[in-house]
Amino acid sequence: SAVISQKPSRDICQRGTSLTIQCQVDSQVTMMFWYRQQPGQSLTLIATANQGSEATYESGFVIDKFPISRPNLTFSTLTVSNMSPEDSSIYLCSVGGTVGTEAFFGQGTRLTVV
Amino acid sequence: DAKTTQPNSMESNEEEPVHLPCNHSTISGTDYIHWYRQLPSQGPEYVIHGLTSNVNNRMASLAIAEDRKSSTLILHRATLRDAAVYYCILRDLGSGGSNYKLTFGKGTLLTVNP
């Protein structure tokens, strides 16, 4: 199993500013994933963060808006840049098992942009 | 990943069994069937997964149709704590590095009445 800690748990930010979300895992993992959950919606994958290489972004998400760092095998950050109210969502970090095993999620960061 | 279809919502009474259906008529031979649930204000948590045979664990049972085009998550005795959104997700064994990713649909909102 894996225990994931996300910081901050919630924040209220001014539009035009940036917020960096931290994700710490209690074990070394190859891949870490960042998801967004807009109000009342399901989860959407933003990107896959690999240690030692650039993150891989899903369609509709770009590095300039959501830069990701992955300095080691237990830590990653997601930055939400130049925020607008449309960025108000829950952002979740996940580490995955392979297809035949389970994935683990952090508690999420609830972001409100005003 | 192949698509799944779930009812938007279901209701159950406490202490009664709950059968949550999932249709996946386009499932391929290498797709695993995963179930996750998301309790209010929390990240998703793993429930169960299977490939062809029925599966049981301490949380639930997974019944897979013989043709694998549908499956049912069974909670044997619902409690108030089981109120959550339940996601049925197919994960392709043959998708290489992307097999770690989870593609979430809208899920089923389960309400448990006391």
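Note that the coordinates shown come from a computational prediction; the quantities given were computed from them, not determined experimentally.

Student: It is not clear to me how the overall build of chain B should be interpreted in this structure. Could you clarify?
Tutor: For chain B, the count of helices and strands is zero helices and nine strands. Its helices and strands taken in sequence order, chain B reads β-β-β-β-β-β-β-β-β from the N to the C terminus. For 114 residues, the compact-globule formula gives about 13 Å, and the C-alpha radius of gyration of chain B, at 14 Å, lands near that figure. Projected onto its principal axes, the C-alpha coordinates of chain B cover approximately 45 × 30 × 25 Å. Residue pairs at least 24 apart in sequence account for 59% of intrachain contacts in chain B once pairs closer than 6 positions are excluded.

Student: Could you clarify how one ought to interpret the overall build of chain A in this entry?
Tutor: The number of helices and strands found in chain A is zero helices and eleven strands. Each helix and strand of chain A, ordered N terminal to C terminal, gives the series β-β-β-β-β-β-β-β-β-β-β. Relative to the compact-globule value of 13 Å for 114 residues, chain A shows a C-alpha radius of gyration of 13 Å, a close match. Its C-alpha atoms give chain A principal-axis dimensions of about 40 × 25 × 25 Å. When burial is assessed residue by residue, chain A has 51% of its 114 residues classed as buried. Here chain A has roughly 5,300 Å² of accessible surface; of this, 48% comes from carbon and sulfur atoms.

Student: I keep staring at the sheet that holds strand E7 (residues 68-72) of chain A and nothing clicks. Help me out?
Tutor: Sheet strands line up and pair through hydrogen bonds in the backbone, either parallel or antiparallel. Residue and element names in this part refer to chain A. Spatially, E1-E3-E8-E7 is the arrangement adopted by the four strands of the open sheet, whose pairing is antiparallel. A single partner strand is all that each edge strand has here, and the edge strands are strand E1 (4-7) and E7. Taken over all neighbouring pairs, the strand axes of this sheet differ in orientation by 15 degrees on average, direction set aside. Sheet topology places strand E3 (residues 19-25) next to strand E8 (residues 75-80); six bridges connect them, and they run antiparallel. Paired with Gln22 across the two strands is Thr77, which belongs to E8.

Student: When you look at the side chain of B:His49 in this model, what are you seeing that I'm missing?
Tutor: All names here are of chain B. Mapping His49 onto the fold places it in strand E4 (residues 45-50). Overall, His49 belongs to the buried group, its relative accessible area being 17%. Of note is the side chain of His49, whose polar atom sits 2.6 Å from the side chain of Tyr46.

Student: What's the story with the pattern of salt bridges in this structure? I'm lost.
Tutor: A side chain of one charge can pair with a side chain of the opposite charge when the charged atoms of the two come close. All names here are of chain B. Counted under the stated rule, the structure contains four salt bridges over all chains. In this structure, the salt-bridge partner of Glu15 is Arg77, at a minimum N-O distance of 2.0 Å. Residue Glu15 is found in the loop between strand E1 (9-13) and strand E2 (18-23), and its partner Arg77 is found in the loop between strand E7 (70-75) and strand E8 (84-92); the two are separated by 62 residues along the sequence. In this structure Glu15 comes out as partly exposed when scored by relative accessible area, which is 40%. Accessibility expressed as a relative area gives 55% for Arg77, which makes it exposed. Among the salt bridges present, the one from Arg37 reaches Asp82, with a minimum N-O distance of 2.8 Å. Taken together, the positions of Arg37 in strand E3 (residues 31-38) and Asp82 in the loop between E7 and E8 put the pair 45 residues apart, joining distant regions of the chain. Judged by its relative accessible area of 11%, Asp82 is buried. Among the charged side chains, a network of salt bridges with common partners joins Arg37, Glu45 and Asp82.

Reading the values: the criteria
- Residues numbered from 1 in each chain as written.
- Chains lettered and ligands numbered in written order.
- Predicted model: local features only at pLDDT ≥ 70, side-chain atom pairs only at ≥ 80, totals over all residues.
- Heavy atoms only, no water.
- Helix = DSSP H or I, 4+ residues; strand = E, 2+ residues; numbered from the N terminus.
- Rg over C-alpha atoms; globule rule 2.2 N^0.38 Å.
- Contact = heavy atoms within 4.5 Å.
- Buried < 20%, exposed > 50% of the residue type's maximum accessible area, 1.4 Å probe, protein only.
- Areas by Shrake-Rupley, 256 points an atom, 1.4 Å probe, with all protein chains shown as cover.
- Pairing = 2+ DSSP bridges.
- Axes fitted to C-alpha atoms, helices over the stretch in contact; angles between N-to-C directions.
- Polar contact = N/O pair within 3.5 Å; in protein donor to acceptor, adjacent residues only side chain to side chain.
- Salt bridge = Lys/Arg side-chain N within 4 Å of Asp/Glu carboxyl O.

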